[in-house]
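The primary structure of each chain is shown beneath.
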Amino acid sequence: MAQEVRRGCRARIRPLADPHSGKPPLPAPRCPTSGRGSCESSPWGESPARGRLLRRVCACASPPARPGRGARGRHSCPVLGLRCRRACAQPRAVARRAALGSYPDPGLRPRRREMVSLALSVLKYCRLNLKCLLQIIYSSVKLRIDKSALHRDLELSSPRGSLTKGLHRTMEDYVEDELFLLYALYGKSGKMPVKDERGDLDVSKVVKPVQATLSSLKMLDVGKWPIFSLCSEAELQLVRQACVFGSASNELLYTTVNDEIFVLGTNCCGCLGLGDVQSTIEPRRLDSLSGKKIACLSYGSGPHIVLATTEGEVFTWGHNAYSQLGNGTTNAGLVPYHISTNLSNKQVIEVACGSYHSLVLTSDGEVFAWGYNNSGQVGSGSTANQPIPRRVTGCLQSKVVVNIACGQMCSMAVVNTGEVFVWGYNGNGQLGLGSSGNQPTPCRVAALQGIRVQRVACGYAHTLVLTDEGQVYAWGANSYGQLGTGNKSNQSYPTPVVVEKDRIIEIAACHSAHTSAAKTQGGHVYMWGQCRGQSVTLPHLTHFSSTDDVFACFATPAVTWRLLSVEPDDHLTVAESLKREFDNPNTADLKFLVDGKYIYVHKVLLKIRCEHFRSSLEDNEDDIVEMSEFSYPVYRAFLEYLYTDSISLSPEEAVGLLDLATFYRENRLKKLCQQTIKQGICEENAIALLSAAVKYEAQDLEEFCFRFCINHLTVVTQTSGFAEMDHDLLKNFISKASRVGAFKN
């Protein structure tokens, strides 16, 4: 509740902090009726669309206060729940009037009905899953996603018609209005309307709000990694798992719906596993692993690849100068090699790679390591390289390990009791032991005593851990701010990372980068460290919905920190649903008869999209409307435009649509018609198109056609269209052509 001041004092308001983000809400809007003071803030913030909607549905209308009444009589808007600071002589009567829909302005009531009708039509006609709609609304309201993010996630970018004459409106404006209206009417109670079998509003059936992020509605966009641009759209549709790796993020491995594995890229050291070192810009199938289902995958700096299948088998290939492939040699592995030594009876469930060493975790909680060991990162107690898998024992001998990770030259393990064990290089304090000496065998991080750790992630020379309470601790190198402590000083002890007040559910880091990322329970994604050359020393809130996006857009190199899982996306956006419902007789409630053919549409959408239909269909109860002024192709294209914001007509037919757009005063449609007509101009039809442009007052098209005629004057003047040119148009054409010097020698 906002702090109030008495009438006559300077209007000010101090809203409480948002309970979810901890931040103060956006500046509160003024009372839509009185224009004075402030009303209680809404999570949607200020926007022109919101202001227009407030003026439509807010029931704060009240007569001016009588002198001497002071602040007595303040009331809350029963629709939006806003607290009006202006004194009201009859607050109860006004509230009762508003609740019953009896607004002082008669125009508000039908407008509100129309907006509610649209909101329900989204569910009825667009077949939008109610749960998805709830997720969108409550993600935007509760998680305070900004308007641009909402529009982007809804994937709506096409402008729509005018809601009021002379006012340009976009599809995003309408969607935002509808979501805000639903929040205003039902969000306060945490309930949402559903419909009964007849399609009527049934408020007895309610659905509790879903606390989810918009990312749950979207498929991971693998296109954010530049190397995916080498794949066709058809190939991208088949991707189900993917990993981008390499010193310049120039190698890619992905699996398809058919469990086939494809690779492409520069193939440094044979890391693509194709049997050669030739680069490829076209995806090539990795036949030796065809039919294998990948459970997890990691890569080193060489690069070398360690892959575990769902059956627990381990395959390695690529760079092998330090025996990091575990096959007992130092020869490069040009094809995947099945590692069975000491692992033949083990089922591997997790793999991790440092720059030149490898770790695997088995289903019974054992850790095996091999490869480069100059700093003790293999955990064998010596600094000799380890050519084959060897179990890491010492302090881990009787422990059950549940998670492993590797830095550049260090190794980490989390056991089922929540303790963290570390070994390897410690020059930057990345082991968290309070010193900088290397550790050749596993050692427990004593500073985390009493803290139960669930996950560990390693950067190039820094470490992150996530506790069971959603807290993040960091230590190690900090030259780029990758610890998130607000400075660039290295830390040899675990230091808490403060990320607002929300619970962290995921941490991300990669041994090839100095970047850190985290995701909260509310769906917010933060990043810090080296971000595209900048040093971000404190967690920075991003607009991303996944930590993977942070590494795709800001890490150097832009690799993946884990194996990506891409789920098939069968969710239709609002725009896609509307497009599908055009000319659908099963859902339509109105049909146009043009040239003996029917076109099936929906009244509510036409009234929202077009000012002409808003007035003509207001009191029209007919199910069939005959149209004789325009041809079937032209009128169908116009109605389809209202659903899709695009036109698909030949340049010749677009002239007829230009006539219709002029008649209905659809300015944006006129622009689209002009663009289409320009694409089909030639010497034979240039004069005819010029004449049409003049007739329909399409100035941009007129100028284009005139310039075309001037540039092809000799040929144009010999056409039949020029010979039949209207006298006044010819006179003006010659006059204008002479002014631009078209007749000079």
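Scroll up for the structure.
The following refers to the structure shown. All values reported here derive from a predicted model rather than from experimental measurement.

## Points about the packing of aromatic side chains
Reasoning step 1: A complete count under the given rule lists 20 aromatic pairs for this structure.
Reasoning step 2: An aromatic cluster is defined as three or more aromatic residues linked by ring pairs; in this entry it consists of Phe 592, Phe 613, Phe 630, Tyr 635, Phe 638, Phe 663 and Tyr 664.
Reasoning step 3: Seen from the ring of Tyr 598, Lys 591 lies directly overhead, with NZ or CZ sitting 4.6 Å from the centre.
Reasoning step 4: The lysine or arginine in question, Arg 609, covers the ring of Tyr 641, its NZ or CZ lying 5.6 Å from the ring centre.

## Section: helix 9 (residues 574-581)
Reasoning step 1: The set of residues buried in helix 9 consists of Val 574, Ser 577, Leu 578 and Glu 581. Projected down its long axis, helix 9 carries its buried residues within an arc of 100°, all on one side. The exposed set on the far side of helix 9, more than 90 degrees from its buried face, consists of Lys 579 and Arg 580.
Reasoning step 2: Count one or two residues on from helix 9 and you reach Asp 583, which has phi positive near 60°.

## Concerning the sheet that holds strand 33 (residues 597-601)
Reasoning step 1: The strand order across the open sheet built from three strands is 33-32-34, with neighbouring strands paired in mixed fashion. In this open sheet, the two edge strands, each paired with only one partner strand, are strand 33 and strand 34 (624-627). This sheet shows a mean twist of 25° between the axes of neighbouring strands, independent of strand direction.

## Regarding the side chain of Gln 324
Reasoning step 1: Its place among the elements puts Gln 324 in the loop between strand 13 (314-318) and strand 14 (333-338).
Reasoning step 2: The class for Gln 324 is buried, based on a relative accessible area of 0%.
Reasoning step 3: A distance of 2.8 Å separates a polar atom in the side chain of Gln 324 from a polar atom in the side chain of His 319.
Reasoning step 4: If sequence neighbours within four positions are ignored, Gln 324 has contacts with His 304, His 319, Tyr 356, His 357, Ser 358, Trp 370 and Gly 371.

## Thoughts on the environment of Cys 269
Reasoning step 1: The topology assignment puts Cys 269 in the loop between strand 9 (261-265) and strand 10 (280-285).
Reasoning step 2: What makes Cys 269 partly exposed here is its relative accessible area of 29%.
Reasoning step 3: Between the C-alpha atoms of Cys 269 and His 304, which are 35 residues apart in sequence, the distance is 8.3 Å.
Reasoning step 4: What Cys 269 contacts, discounting residues up to four positions off in sequence, is Val 277, Gly 302, Gly 318, His 319, Ala 332 and Leu 334.

## Observations regarding the pairing of strand 30 (residues 534-541)
Reasoning step 1: Sheet topology note: the strand 29 (residues 525-531)/strand 30 ladder contains five bridges and is antiparallel. Bridge pairing links Cys 531 to Gln 534 in strand 30.
Reasoning step 2: What sits between the antiparallel neighbours strand 29 and strand 30 is a turn of two residues, in which Arg 532 has the positive phi angle 55°.

## Remarks on the packing of helix 16 (residues 699-711) against helix 19 (residues 727-739)
Reasoning step 1: Their axes nearest at 11 Å, the elements helix 16 and helix 19 cross at an angle of 70°. Relative to helix 19, the element helix 16 is oriented roughly perpendicular. Helix 19 is crossed by helix 16, and the crossing has right-handed handedness. Contacts from Glu 703, Phe 706, Cys 709 and Ile 710 of helix 16 reach helix 19 at Phe 733, Lys 736 and Ala 737.

## Examining helix 15 (residues 686-695)
Reasoning step 1: Those residues of helix 15 lying buried are Ala 686, Ile 687, Leu 689, Leu 690, Ala 692 and Ala 693.
Reasoning step 2: Where helix 15 ends, the next residue or the one after it, Glu 697, has phi of about 55°, a positive value.

## Here's the deal with the environment of Val 420
Reasoning step 1: Mapped onto the elements, Val 420 comes out in strand 21 (residues 420-424).
Reasoning step 2: Residues Val 420 and Pro 442 lie 22 residues apart in sequence; the distance between their C-alpha atoms is 9.4 Å.
Reasoning step 3: In this structure, Val 420 is in contact with Ala 413, Val 414, Cys 443, Arg 444, Val 445, Leu 448, Val 453 and Val 465, ignoring residues within four places of it in sequence.

## Focus on the pattern of salt bridges
Reasoning step 1: Here the structure, examined in full by the defined rule, presents 19 salt bridges.
Reasoning step 2: Glu 366 serves as the salt-bridge partner of Arg 391, at 3.4 Å between the closest nitrogen and oxygen. Taken together, the residues span a long stretch of sequence, with Arg 391 in strand 18 (residues 386-391) and Glu 366 in the loop between strand 16 (357-362) and strand 17 (367-371) at a distance of 25 residues.
Reasoning step 3: The class of Glu 366 is buried, set by a relative accessible area of 14%.
Reasoning step 4: With a closest N to O distance of 3.6 Å, Arg 636 and Glu 640 form a salt bridge. Highlighted residues: Arg 636 and Glu 640, both in helix 12 (residues 632-644), separated by four residues, approximately one helical turn.
Reasoning step 5: On the basis of relative accessibility, which here comes to 25%, the residue Arg 636 falls in the partly exposed class.
Reasoning step 6: Note on Glu 640: relative accessible area 22%, which makes it partly exposed.

## Examining the nonpolar core
Reasoning step 1: Core analysis: the largest hydrophobic core is formed by 60 residues, its most contacted members being Phe 592, Leu 606, Phe 613, Tyr 635, Phe 638, Leu 639 and Leu 657.
Reasoning step 2: With nine residues, the top contributor of residues to this core is helix 12.

## Observations regarding the side chain of Asn 478
Reasoning step 1: Here Asn 478 lies in the loop between strand 25 (472-476) and strand 26 (491-497).
Reasoning step 2: One polar contact links the side chain of Asn 478 to the main-chain amide nitrogen of Gln 482, over a distance of 3.1 Å.
Reasoning step 3: Of the polar contacts made by the side chain of Asn 478, one reaches the side chain of Thr 485; its length is 3.4 Å.
Reasoning step 4: If we skip the residues at most four places from it in the chain, Asn 478 touches Leu 483, Gly 484, Thr 485, Asn 487, Lys 488, Ser 489 and Asn 490.

## Some points on unusual backbone geometry
Reasoning step 1: A cis geometry characterises the amide bond from Gly 302 onward to Pro 303, with omega recorded as 0°.
Reasoning step 2: As for its placement among the helices and strands, Pro 303 is situated in the loop between strand 11 (294-299) and strand 12 (304-309).
Reasoning step 3: A cis amide bond links Thr 556 with the next residue in sequence, Pro 557, at an omega value of 0°.
Reasoning step 4: Mapping Pro 557 onto the fold places it in the loop between helix 8 (547-553) and strand 31 (564-565).
Reasoning step 5: Phi at Arg 532 is positive, roughly 55°, even though this residue is not glycine.
Reasoning step 6: Within the secondary structure, Arg 532 sits in the loop between strand 29 and strand 30.
Reasoning step 7: Residue Asp 595 is not a glycine yet carries a positive backbone phi of 55°.
Reasoning step 8: Secondary-structure assignment places Asp 595 in the loop between strand 32 (590-594) and strand 33.
Reasoning step 9: With relative accessibility at 53%, the residue Asp 595 sits in the exposed group.

What counts and what doesn't
- Residues numbered from 1 in each chain as written.
- Predicted model: local features only at pLDDT ≥ 70, side-chain atom pairs only at ≥ 80, totals over all residues.
- Heavy atoms only, no water.
- Phe/Tyr/Trp six-rings, centres within 6.5 Å; stacked < 30°, edge-to-face > 60°.
- Lys NZ or Arg CZ within 6 Å of the ring centre and 35° of its normal.
- Buried < 20%, exposed > 50% of the residue type's maximum accessible area, 1.4 Å probe, protein only.
- Helix = DSSP H or I, 4+ residues; strand = E, 2+ residues; numbered from the N terminus.
- Arc of directions from axis to C-beta.
- Pairing = 2+ DSSP bridges.
- Axes fitted to C-alpha atoms, helices over the stretch in contact; angles between N-to-C directions.
- Polar contact = N/O pair within 3.5 Å; in protein donor to acceptor, adjacent residues only side chain to side chain.
- Contact = heavy atoms within 4.5 Å.
- Parallel < 35°, antiparallel > 145°, perpendicular 65-115°, else oblique.
- Left-handed = near helix turned anticlockwise from the far one by under 90°.
- Salt bridge = Lys/Arg side-chain N within 4 Å of Asp/Glu carboxyl O.
- Core = buried A, V, L, I, M, F, W, Y, C linked by side-chain atoms within 4.5 Å.

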